[in-house]
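The primary structure of each chain is shown beneath.
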Amino acid sequence: MLDLMRKHARNWIMKVLLGIIIVVFVFYFGNVGREQEARTLAVLKGRSLVYVNFQKEYGDLVELYRRQLGPNLSEELLKELNLKQQAFDNMIYKALILQKAEEWKITITDEELRQSIVTHQAFQRNGVFDQRLYEQTLRLNRMTSGDFEISQRELLTISRLEGILASAAVATEKELRDIYALQNEEISLQAIIVSPAELQKKVPLKREELEKYLNEHSNLFRTPEQYQLDYISFPAALYEDKVKVTSGEIDVAVERLTAATKNQTTDGKRNPLPAAISRERVLAELKQQKKLQAAQEAARKAYDIIYQEENLEKYARENGLDIMKTEFFPLNKPTAALARIPELTKTLTATQKGEITPVVGDDQGFFILRVLEKKAPAIPPFGEIEKEVEKKFIEQQSVILSRAAAEGIQAELKKGTPWESIVLQEGMKRVDTGYFRPGGAIFGLGQVSREISDAIFVLSKKNPYPERAFMLADGNFVTLYLKDRRSIAGNNFEASKEILATQFGQMKRQELVRAFIEDYKNSLIKEGDLKIIKEAKDL
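Since this is a predicted model, take the numbers as computed values, not measurements.

Caption draft 1: Structural detail: helix 12 (residues 207–216). Every buried residue belonging to helix 12 is among L210, Y213 and L214, and all of these are buried. For helix 12, the buried positions fall inside an angular range of 100 degrees around the axis, keeping them on one side. Structural note: helix 12 exposes E208, N215 and E216 on the side pointing more than 90 degrees away from its buried face.

Right, dumping it as structure tokens:
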């Protein structure tokens, strides 16, 4: 039975079965040059899906892998993971399911949206929604409350439609028994690992090759646009002694917060205020708000005068303010004093050299900025970046050498060379994984990709080698050989049945939803209501 399942592993049910026993990343739901943001990649019933939609999906995927892999996430590994295709597919899927929800008139009420936000754990302190934490979190993520509410409403809409579509999925007894058998199977592999790091010293270095590499990969070395500013600041702390909070204002705020948390006993008598909304905390927050308001008002008045007189120095001198000056910095790495300003990038890109910006601020104060200089993006001369070019060239070439070595081993195996007869060269090593159950990390290989897991799943004694070599998460290349499979299934199916039904049901529901949306997509393409203008491979 299991051999038959492996043989037909490409059909949907096998993918569902496999999905339960391996680690799977499910991605839902980033910044590009403004000239690219409006590029149309697809048109769905007259609505354009533009490049910035794709780039956000791609950026989220890259960030997820970066958190998982850290410095091991190289450009080569990014290509191997094919994240652009995943991001493109996610963008299309999201647009399709929202379109279907619109056709079926599935909506999220304002109250449902509000409840989803106030019960979100990221915005709670001591189990209570915290408005200030909510606003701070959005600022840190460079989002407005309007943008967040739109995305949250979309998430809720998608979840509701998926729930409707998935309600018909039911796991059968036979499917659960097949899953039980697969989950209780152990695999033993042998592997030959080829390390690019070990092969770096074999890369020949010639000046003409390095210069050619620089010409072909100039974007890797291009310095971004850089800005130099000077500015005056209006920190909220300056207004500590100029604002007052009355006892009545504290009472009103406490009443509002208490009502919001429904802090009452069953007999209607009010409980003592929890620490989360103590009078001391309310006083501090009201005072901070007033200080920020005072700082903002002062900054706005200053802006009006400076804008009219076109003289920042005069205003600073007459008001005893220091003019601070920055070094050159790229927009993605602003100087520390300005790094918390959410609208900094948008503001500076809209400001010309010599101009002052409108008032901008963060949670500590406000600023009036002046653009002193802009440095256009540029590629430094070869002589200035030779060491950096050399480093990247060696990294690239060592990957090419390693891939070629791993594929050479694969070619030998396909010709019939016994595994034991493969001669190891410098930078190669053998690994015996021992027996393991498909799922987590594999001894000697680490956490493997879905693609490698799929390849391992279909291996058998008659077909012990995958079709090709693979790149591991650490950047090494690997050729695999199936040493053995063995069953460890006992008589615990009934005890495991409920858990299996939950796991398999979830996967089957996901597949059912995907299949429905895929059929919907194909029908729209056939009818001309969905036009793919750019494919992922072209991005």
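Caption draft 2: Summary view of the packing of helix 4 (residues 51–69) against helix 6 (residues 83–103). Where helix 4 meets helix 6, the axes come as close as 8 Å, and the angle between the chain directions of the two elements is 125 degrees. Regarding the angle of helix 4 to helix 6, the classification is oblique. For the pair helix 4 and helix 6, the sense of crossing is right-handed. Residues N53, F54, E57, Y58, L61, V62 and Y65 of helix 4 form the contact with helix 6, whose own contacting residues are L83, K84, Q86, A87, F88, N90, M91 and K94. Residue composition of the contact of helix 4 with helix 6, grouped by class: nine nonpolar, three polar and three charged.

Caption draft 3: Inspection of the pairing of strand 2 (residues 47–50) at higher detail. Both strand 1 (residues 40–44) and strand 2 contribute to a ladder of four bridges, which runs antiparallel. Of the residues in strand 2, the one forming a bridge with A42 is L49. The hairpin turn running from strand 1 into strand 2, its antiparallel successor, is two residues long, and K45 in that turn takes a positive phi close to 50 degrees.

Caption draft 4: Geometry of the nonpolar core. Core analysis: the biggest nonpolar cluster contains 51 residues, and F54, L83, F88 and L96 have the highest contact counts within it. Looking at this core, the element that brings in the most residues is helix 6, giving ten residues. If near-sequence neighbours (up to four positions away) are discounted, F88 is found in contact with L41, F54, I532, K534, E535, A536 and L539. Counting residues in hydrophobic clusters, the runner-up holds 18 residues, among them L189, F436, I452 and V478.

Caption draft 5: Representation of the sheet that holds strand 1 in the model. Here three strands make up an open sheet; going across it, the order is 2-1-14 and the pairing antiparallel. In the strand order of this sheet, the two ends are held by strand 2 and strand 14 (530–532), each with one partner. The mean inter-strand angle of the sheet, taken between neighbouring strand axes irrespective of direction, is 20 degrees. As defined by bridge partners, strand 1 adjoins strand 14 across three bridges and the pair is classed as antiparallel. Bridged to L44 within strand 14 is L530. Across the sheet, helix 4 lies against strand 1 and strand 2, angled at about 45 degrees from strand 2, the strand it touches most.

Caption draft 6: Highlighting the environment of T258. Within the secondary structure, T258 is located in helix 13 (residues 247–260). In this structure the C-alpha to C-alpha distance between T258 and S278, which are 20 residues apart in sequence, comes to 9.9 Å.

Caption draft 7: Structural view of the sheet that holds strand 5 (residues 185–194). Reading across from one edge, 11-5-13-12 is the order of the four strands in this open sheet, with antiparallel pairing throughout. Across the chains shown, the open sheet's two edge strands, defined by having one partner strand only, are strand 11 (428–436) and strand 12 (470–471). The pairing of strand 5 with strand 11 spans eight bridges and is antiparallel. Across the sheet, residue L189 finds its bridge partner in strand 11, namely G434. Running at roughly 45 degrees to strand 13 (residues 477–487), helix 17 (residues 382–414) makes contact with strand 5, strand 11, strand 12 and strand 13 of the sheet.

Caption draft 8: Seen up close, unusual backbone geometry. Positive phi, normally seen in glycine, also occurs at K105, with a value near 60 degrees. Within the secondary structure, K105 is located in the loop between helix 6 and helix 7 (110–118). Unlike most non-glycine residues, E310 shows phi in positive territory, near 55 degrees. When you line up the elements, E310 lands in the loop between helix 14 (279–309) and helix 15 (312–318).

Conventions used here
Residues numbered from 1 in each chain as written. Predicted model: local features only at pLDDT ≥ 70, side-chain atom pairs only at ≥ 80, totals over all residues. Heavy atoms only, no water. Buried < 20%, exposed > 50% of the residue type's maximum accessible area, 1.4 Å probe, protein only. Helix = DSSP H or I, 4+ residues; strand = E, 2+ residues; numbered from the N terminus. Arc of directions from axis to C-beta. Axes fitted to C-alpha atoms, helices over the stretch in contact; angles between N-to-C directions. Parallel < 35°, antiparallel > 145°, perpendicular 65-115°, else oblique. Left-handed = near helix turned anticlockwise from the far one by under 90°. Contact = heavy atoms within 4.5 Å. Nonpolar A, V, L, I, M, F, W, Y, C, P; charged D, E, K, R; others polar. Pairing = 2+ DSSP bridges. Core = buried A, V, L, I, M, F, W, Y, C linked by side-chain atoms within 4.5 Å.

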